[in-house]
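Residues per chain are reported as follows:
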Amino acid sequence: MKRRVSIGLAVVLVLAVVGVIVWGRDDGTASGAVTVRGVIGSEKQAFFADQRVVDAFARHGLKVEVDTAGSRQLATTVDLGKYAFAFPSSSPAAQKIQRDRKVTTVYTPFQSPMAVASFEPVVALLRANGAVHKGAGDYDVLDIAKYLDLAKAGTRWDQLPGNTAYPARKNVLVTTTDPRESNSAAMYLSIVSFVANGNAVVSTPAQEAAVLPSVAKLFLDQGYTQNSTEGPFEDYLSAGMGKTPLALIYESQFVDRVLRGDGSIRPDMRLLYTAPTVYSKHTLVPLTPDGDKVGQLLATDPELGRLAATFGFRTTDPKLFAEVAAPAHAPADLVDAVEPPSFETLERLLDAVGKQY
């Protein structure tokens, strides 16, 4: 009898050990969810960290874990071999990854146009000086051609006619991030180089050389610049008009704060859309079948689409964004949008600007 009991206990112990091994494997969670690792632009980190997003993926059997890197780094220096997907914030970077990795399918589940965060007195001053006007809808735009004229002339704020609202003794400049490190600065370079090139996408070495002096000045004249768009946006929110009258941001950042309702967007704060603008297209490049599933879900799952909209991202369903983002009064469509240069052209321009620091 004792022998039978011992054998029975041994069998139970073996089964328990096997269960622990099977259920405890690093395949996600004890519930059997598959862990999928990706590398993303930092602008999406809060989205992937949100518990509602985590739960939505879990209902599809996935546990998505992400690391962050700049879009340029994703396309050039990051070791993508250990990831199931790459998710840069720029379509040129995604196209390079797709080409290098020989991937046939990509997903663009959400996007965000570039914009400029400002204040009503500054907007009124620029409108009076012809640099701000109404867009195709009921929204204000910063006329990049007029802005470039002011910047090229080295115009200071206190030199603008009729300026009693913001007589600062510094140049009229949009505050950006560091073009050597940040995707938003690359998108800004796409916008200003298009206008400086006679309203055409820069595509040849001769055109690069022609626009470089004027576009480089827009960065160099700022002095110190931060490496993430969160930096100038936080300065805008906390330090106000005195430090940052014009801050280049993603529309999603402003809309996200409005939707939070946390009081960080005050009544005198305004969002200007650049004319023209460029959409930062968050493009997921799947590197494994599990990464492809993440891309499919982000592009097609209504729950994930709605959650993306709550973070200010424009999704594949324009009606959904319009509904969720209604409190932010974001325009449904921006007609004056252009494409960025190719990755190679943009890289050469960024490198050329960087060498002048």
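All of these numbers come straight from a predicted model, not from anything done at the bench. (Residues numbered from 1 in each chain as written. Predicted model: local features only at pLDDT ≥ 70, side-chain atom pairs only at ≥ 80, totals over all residues. Heavy atoms only, no water.)

(A) Summary view of the environment of Leu334. Inspection of the secondary structure puts Leu334 in the loop between helix H14 (318-324) and strand S11 (337-338). Looking at Leu334, the relative accessible area reads 7%, which means it is buried. Distance from Leu334 to Asp292, taken between C-alpha atoms, is 30 Å for residues 42 residues apart in sequence. Those residues in contact with Leu334, other than ones at most four positions away along the chain, are Pro113, Tyr139, Tyr273, Thr277 and Tyr279. (Helix = DSSP H or I, 4+ residues; strand = E, 2+ residues; numbered from the N terminus. Buried < 20%, exposed > 50% of the residue type's maximum accessible area, 1.4 Å probe, protein only. Contact = heavy atoms within 4.5 Å.)

(B) How the structure looks around the nonpolar core. One finds Leu142, Tyr147 and Trp157 to be the most contacted residues of the largest nonpolar core, which totals 47 residues. It is helix H8 (residues 183-196) that contributes the most residues to this core, nine residues altogether. Setting aside chain neighbours within four positions, we find Leu142 in contact with Val116, Leu126, Ala131, Val132, Tyr147, Val174, Leu272, Tyr273, Thr274 and Ala275. Residues Phe48, Ala56, Phe57 and Phe87 belong to the second largest nonpolar core, which totals 23 residues. (Core = buried A, V, L, I, M, F, W, Y, C linked by side-chain atoms within 4.5 Å.)

(C) Up close: the pairing of strand S8 (residues 269-275). Counting buried positions over the seven residues of S8 gives six, a clear majority of the element. Relative to S8, strand S6 (residues 140-143) runs parallel, the two being bridged by three bridges. In the strand pairing of S8, Leu142 is matched with Thr274. (Pairing = 2+ DSSP bridges.)

(D) Inspection of the pattern of salt bridges at higher detail. Applying the stated criterion across every chain, the model contains 24 salt bridges. One salt bridge in this structure joins Glu120 and Arg270, with 3.0 Å as the shortest N-O distance. Taken together, the positions of Glu120 in helix H6 (residues 120-128) and Arg270 in strand S8 put the pair 150 residues apart, joining distant regions of the chain. Overall, Glu120 belongs to the partly exposed group, its relative accessible area being 28%. Residue classification places Arg270 among the partly exposed positions, given a relative accessible area of 28%. Here Lys134 makes a salt bridge to Asp138, at a shortest N to O gap of 3.4 Å. Taking the relative accessible area as the measure of exposure, Asp138 reaches 69% and is therefore exposed. (Salt bridge = Lys/Arg side-chain N within 4 Å of Asp/Glu carboxyl O.)

(E) Quick peek at the packing of aromatic side chains. Summed over the entire model, instances satisfying the criterion amount to 13 aromatic pairs. Note on Phe48 and Phe57: the rings are 6.3 Å apart at their centroids and 5° apart in plane angle, and the pair reads as stacked. Residue Phe48 is classed as buried on the basis of its relative accessible area of 5%. Judged by its relative accessible area of 1%, Phe57 falls in the buried class. With centroids separated by 6.4 Å and ring planes inclined at 25°, the aromatic side chains of Phe48 and Phe85 adopt a geometry described as stacked. With a gap of 37 residues between them, Phe48 in helix H2 (residues 45-49) and Phe85 in strand S3 (residues 85-87) connect regions that are remote in the sequence. Judged by its relative accessible area of 0%, Phe85 falls in the buried class. (Phe/Tyr/Trp six-rings, centres within 6.5 Å; stacked < 30°, edge-to-face > 60°.)

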